[in-house]
Amino acid sequence: MVWGGGGNVTLAAVMTTTADDILRRTSGEANVVSGGRLVAKALKAEGVDTIFTLCGGHIIDIYDGCLDEGIRIVDVRHEQVAAHAADGYARQTGRLGCVVTTAGPGCTNAVTGIATAFRSESPVLHIGGQSALGQSKMGGLQELPHVDMMKPITKFASTVVSTERVADMVAMAARECFAGAYGPSYLEIPRDVLDRVIDISTAVLPEPGHARASVKQVGDPADIERLADILVEAERPAILLGQQVWAARGHGEAVALLRGLDVPGYFNGASRGLLPPGDPHHFDRTRSLAFSEADVVVVVGTPFDFRMGYGRRIKAPTVVQIDQDYRTVGKNRDIELGIAGDPGAVLAAVLQAASGRLKQDKRQLRRQWMDHLTAAEAAATAKLMPIFLSDQWPIHPYRVAWELNEFLTDDTVYIGDGGDVVTISAQAVRPRSPGHWMDPGALGSLGVGTGFALAAKLAHPHKEVLCYYGDGAFGMTAFDMETANRFHAPYIAVIGNNSAMNQIRYGQLARYGVQRGNVANRLGDVPFGKFAEMLGGYGEEVYVAADIAPALRRAREAVETSGRSAVVNIWLDPDQYAPGTRAQTMYK
Ligand SMILES: Cc1ncc(C[n+]2csc(CCOP(=O)(O)OP(=O)(O)O)c2C)c(N)n1
Ligand SMILES: [Mg+2]
C-alpha cells in the first residue's frame, strides 16, 4: 500500500485539527448540519443506497454525509464510468441512480453517461461540485457553466444557492427524474453552500412518502375502453414492448395482457427478456413481418425513432401508441389512438376492460396468426444456423454470439458494449428473464459496458454478469475493471476482437473503396487477456471456434473462485458484418 504513508507531520497535524473541528461542529451537536450531510439525508430519503463518484475537493463533504447516512460510496477511475454505473444501477434496481462528480472536468467527463441516460430515459441524479458562490465567475479552480452545459441533456438542471435548500433541491431534482418518461437531472452545489454548517431547524427537509404523487396514470378512461375494443376486434394484432415497460416495472401487467388476449409480443431494449425464449407469446425474428401483416400494432414505451425507421416500418392499418411522455405520442408518424400514462397501469386497465370479451372465433384467428409467425421464426432461425455453428477460421462473429447465448444461465445479466459484434449478438442472445439485458440505448454510446457491469453486480451480487465488448469499446472504459475487482463485483468480459472499429469501417469501405476506406478505423492487435491478468484475474486468448465454450467456462470458474474479473479475448474475422451494418440501416 502506498497511499497515506507520506508522514508529513505538519500537514498531518493541521488535518487532524481540521477534522476534529469539523466533527465537533457537525456530529457533536445534533442540531447542526452541513450541506454535504443534507445531500446524504435527502438521497437516503429518495431510496439511494449507493453513489458512484470520483473524488474532488469540491464534493468531499458529500462523502462525509454519506458515511453518516450509511450510503455506499463507489469510487471509480473515470467519471464517464460513474455516470454509466449510476444509470445501470437505476436500470437494475428500479430506483433513482446517483452520480457525484467534482467541478469542471469531473462534470465534462460525466457528460456522455448523462446523455446516455437522457436518451435511454434512465432516472439518474447527477450532483456536481462548483467553485464557491462567493467567487462566482471570478475564475475559480475548475469553474465552468455546468448548468448551461447540462440543460439540453437533462430534464432539470439547477444550482443550489443556499445550504438551507440543499435537501429540498435534491428532492426537487429527484422528482423531475420521474416526471413523465424518466431521465436524468443535474444539480450543481457550490463549495461554500455545501461546506456551510447550519442549524438543522432552518433546513428544508421533505419527508419521504409525503412529497410525491403516484405516477401510475392511465390517461382518459374512454381511451382505455377504445383500446380494449380495438384489441378485442383485432385478428392479427402485435404488441411491441419497449424499455419503459421494464423501467417502470410494468412487465407483469404486460405479460398478463399478451397472454390474456393472445397477442404476439416483441421486445426491445431493456424489455428484452420480459418473456423467456420459447414462450408461446415471445417473438423476436419476425418483427418486420408482423409490422407489415398485422391489422393492429400497439407500441408501448418506445419512440418512433431510427430503430423503427421513424415509424415508417409499421404498415398496419391501426397503430396505437402508449408512452409515459405526452410529447412522444404521435411524434414522427400518425396513429389511430394515443395514450400518455404508465405502461403497466394502462395495460392492466386495458386487460380489465377487455376481460371476457374476446370471442372464440377471434382467439382462433389469433392462434393461426401466431402459428404463422412461429413458423416464420423457425425458418429465420434455421437460415441463421449455419453461421451460428460456423467453425471457420478466423472465428465468425455469429459463432461467438451463438456460444454466448448457449453459455448464459437464467440469472446472467448480459451487457452489450460495442459496434458490429454486439449488433450481431442481438440476433442470438435471448435473456431468460426481465432485467437481464442491458444496452446503451438510442445514444449508441460505446463505453457503457464497464459501468453497467459494475452496477449490475453491485445491485445483484448473486447474479452472474457478462459483458460482451467490441475491442474498440473495451479500450474506452476498461480500466474500471479494477474498480469492479476492488468492490468485489467481478464479471466476465468477453471481447469480440477484430482489431478495428468495424461497424464504421464497413461503411467507409463501401463508400470509398479499399484504398481510402481503411482510414481511422483500424486498431492494434491487443492480447486483452493479459489486461485481466494485470488486475489479478484470469485471461485467455481464443483463436478457434471450438475453444470458445471451454474458455467461457474457465472464465466463469475463475471469476467464482478468485473474485476477480476475467477476460476472454476472441480473435474474429474482420470481414464479416451484421446485416444492419451492411444495409447501414442505423442511418436511414
Ligand atoms: C463513444 C462513441 N464513439 C464513436 C462511436 C461510433 N461508432 C459506432 S460503432 C463503432 C465501432 C466500434 O468498434 P468495436 O467496439 O471494436 O466494435 P466492432 O464494430 O469492431 O465490432 C464506432 C467507433 C460511438 N457509437 N460511440
Ligand atoms: Mg472491433
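In short, a report on the structure. (Residues numbered from 1 in each chain as written. Chains lettered and ligands numbered in written order. Predicted model: local features only at pLDDT ≥ 70, side-chain atom pairs only at ≥ 80, totals over all residues. Heavy atoms only, no water.)

Observations concerning the site of ligand 1
In the neighbourhood of ligand 1, 16 residues make up the surrounding shell, with Asp-420, Gly-444, Gly-472, Ala-500 and Asn-502 lying closest. Here an oxygen atom of ligand 1 sits 2.8 Å away from a polar atom, N or O, in the main chain of Asn-502. For ligand 1, whose accessible area on its own is 580 Å², the fraction buried by protein is 76%. Every element with two or more residues in the shell around ligand 1 is listed here: α16 (420–425), α18 (471–477) and α20 (502–517). Across the shell around ligand 1, the residue classes break down as six nonpolar, eight polar and two charged. (Near = heavy atom within 4 Å. Polar contact = N/O pair within 3.5 Å; in protein donor to acceptor, adjacent residues only side chain to side chain. Areas by Shrake-Rupley, 256 points an atom, 1.4 Å probe, with all protein chains shown as cover. Helix = DSSP H or I, 4+ residues; strand = E, 2+ residues; numbered from the N terminus. Nonpolar A, V, L, I, M, F, W, Y, C, P; charged D, E, K, R; others polar.)

Quick word on the nonpolar core
In terms of nonpolar packing, the biggest core is built from 47 residues, with Phe-52, Ile-415, Leu-454, Phe-474, Met-481, Tyr-491 and Val-567 touching the most fellow members. Non-local contacts of Ile-415, meaning those with residues more than four positions away in its chain, are made with Met-438, Gly-449, Phe-452, Ala-453, Val-465, Leu-466, Cys-467 and Tyr-468. Within the second largest apolar cluster, 34 residues are counted, among which are Ile-239, Trp-246, Val-300 and Ala-353. (Core = buried A, V, L, I, M, F, W, Y, C linked by side-chain atoms within 4.5 Å. Buried < 20%, exposed > 50% of the residue type's maximum accessible area, 1.4 Å probe, protein only. Contact = heavy atoms within 4.5 Å.)

As for the pattern of salt bridges
Here the structure, examined in full by the defined rule, presents 27 salt bridges. The residue Arg-357 makes a salt bridge to Asp-229 at a minimum N-O spacing of 2.5 Å. Of this pair, Arg-357 sits in the loop between α13 (343–354) and α14 (360–388) while Asp-229 sits in helix α9 (residues 221–233), and the two are 128 residues apart along the sequence. Lys-362 serves as the salt-bridge partner of Glu-235, at 3.9 Å between the closest nitrogen and oxygen. In this pair, Glu-235 is assigned in the loop between α9 and β9 (237–241) and Lys-362 in helix α14, connecting sequence segments 127 residues apart. Given a relative accessible area of 14%, Lys-362 falls into the buried group. Where salt bridges share partners, they join Arg-37, Lys-41, Asp-68 and Glu-69 into one cluster. (Salt bridge = Lys/Arg side-chain N within 4 Å of Asp/Glu carboxyl O.)

Here's the deal with unusual backbone geometry
Geometrically, the link from Trp-393 to Pro-394 is a cis peptide bond, its omega value of -5° lying close to zero. Looking at the secondary structure, you find Pro-394 in the loop between α14 and α15 (397–407). The phi dihedral of Arg-249 is positive, around 55°, even though this residue is not glycine. The phi torsion at Asn-332 lies on the positive side, around 80°, for a residue other than glycine. Following the sequence through the fold, Asn-332 ends up in the loop between β12 (318–323) and β13 (337–340). Using a relative accessible area of 46% as the deciding quantity, one classes Asn-332 as partly exposed.

Things to note about the sheet that holds strand β10 (residues 265–267)
The strand order across the open sheet built from five strands is β10-β9-β11-β12-β13, with neighbouring strands paired in parallel fashion. The two strands at the open ends of the sheet, each matched to only one other strand, are β10 and β13. Direction aside, neighbouring strands of the sheet carry axes that sit 15° apart on average. Of the strand pairs in this sheet, β9 and β10 are connected by three bridges, and their pairing is parallel. Bridge pairing in β10 links Leu-240 to Tyr-266. (Pairing = 2+ DSSP bridges. Axes fitted to C-alpha atoms, helices over the stretch in contact; angles between N-to-C directions.)

Considering the coordination of the magnesium ion (ligand 2)
For the magnesium ion (ligand 2), the full set of protein donor atoms is Asp-471 (OD), Asn-498 (OD1) and Ala-500 (O), and the range of their distances to it is 2.1 Å. All donors of the magnesium ion (ligand 2) belong to a single chain; written as a sequence motif, their spacing is D-x26-N-x1-A. With Asp-471 in helix α18 and Ala-500 in the loop between β17 (492–497) and α20, this pair connects stretches of sequence that are 29 residues apart. Pair check on accessibility: Asp-471 and Ala-500 agree, each one buried. (Donors = N, O, S within 2.8 Å, 3.2 Å for Na, K, Ca; no water.)

Looking at the sheet that holds strand β2 (residues 50–53)
Spatially, six strands are ordered β3-β2-β4-β5-β7-β6 in an open sheet, and the strand pairing comes out parallel. Across the chains shown, the open sheet's two edge strands, defined by having one partner strand only, are β3 (72–75) and β6 (156–159). On average, each strand axis in the sheet is tilted by 20° relative to the strand beside it, whichever way the strands run. Pairing analysis gives four bridges linking β2 to β3, with the strands arranged parallel. Residue pairing across strands places Ile-51 opposite Ile-73, the latter belonging to β3. Contacts from helix α2 (residues 35–45) reach β2, β4 (97–101), β5 (124–130) and β7 (185–190) within the one sheet, and its direction differs from that of β5 by about 180°.

Things to note about the pairing of β9
With five of its five residues buried, β9 lies for the most part within the structure. Across the two faces of β9 the burial is the same, with Pro-237, Ile-239 and Leu-241 and Ala-238 and Leu-240 all buried. Taken together, the five bridges between β9 and strand β11 (residues 296–300) define a ladder with parallel strand orientation. Note on β11: the bridge partner recorded for Ile-239 is Val-298.

Comments concerning the packing of aromatic side chains
All chains considered together, the criterion is met by twelve aromatic pairs. Ring centres of Tyr-469 and Phe-474 lie 4.8 Å apart, and the angle between their planes is 80°; this geometry places the pair in the edge-to-face category. An identical accessibility class is assigned to Tyr-469 and Phe-474; each is buried. When the ring of Phe-474 is compared with that of Phe-528, the centres are 5.0 Å apart and the planes differ by 75°; the resulting orientation is edge-to-face. Note that Phe-474 is positioned in helix α18 and Phe-528 in the loop between α20 and α21 (529–534), a separation of 54 residues in sequence. The burial state of Phe-474 is the same as that of Phe-528; both residues are buried. Directly above the ring of Trp-246 sits Arg-249, whose terminal nitrogen or CZ lies 3.7 Å from the centroid. Across the ring face of Trp-437, the terminal group of Arg-272 is positioned such that the distance to the ring centre comes to 4.0 Å. (Phe/Tyr/Trp six-rings, centres within 6.5 Å; stacked < 30°, edge-to-face > 60°. Lys NZ or Arg CZ within 6 Å of the ring centre and 35° of its normal.)

A look at the side chain of Thr-412
As for its placement among the helices and strands, Thr-412 is situated in strand β14 (residues 412–417). Take Thr-412: its relative accessible area is 2%, and that puts it in the buried class. For Thr-412, the side chain forms a polar contact with the side chain of Thr-409, separated by 2.7 Å. Not counting residues within four places of it along the chain, the set of residues in contact with Thr-412 comprises His-436, Glu-464, Leu-466 and Arg-556.

Topic: α14
For α14, built from 29 residues, the straight-helix expectation of 42 Å at 1.5 Å per residue is met to within 8% by its first-to-last C-alpha distance of 40 Å. Regarding α14, the residues found buried are Lys-362, Arg-363, Arg-366, Trp-369, Met-370, Leu-373, Glu-377, Leu-384 and Phe-388. The elements touched by buried residues of α14 are α9, β9, α11 (251–261), β10, α12 (287–293) and α15. (Expected span 1.5 Å × (residues − 1).)

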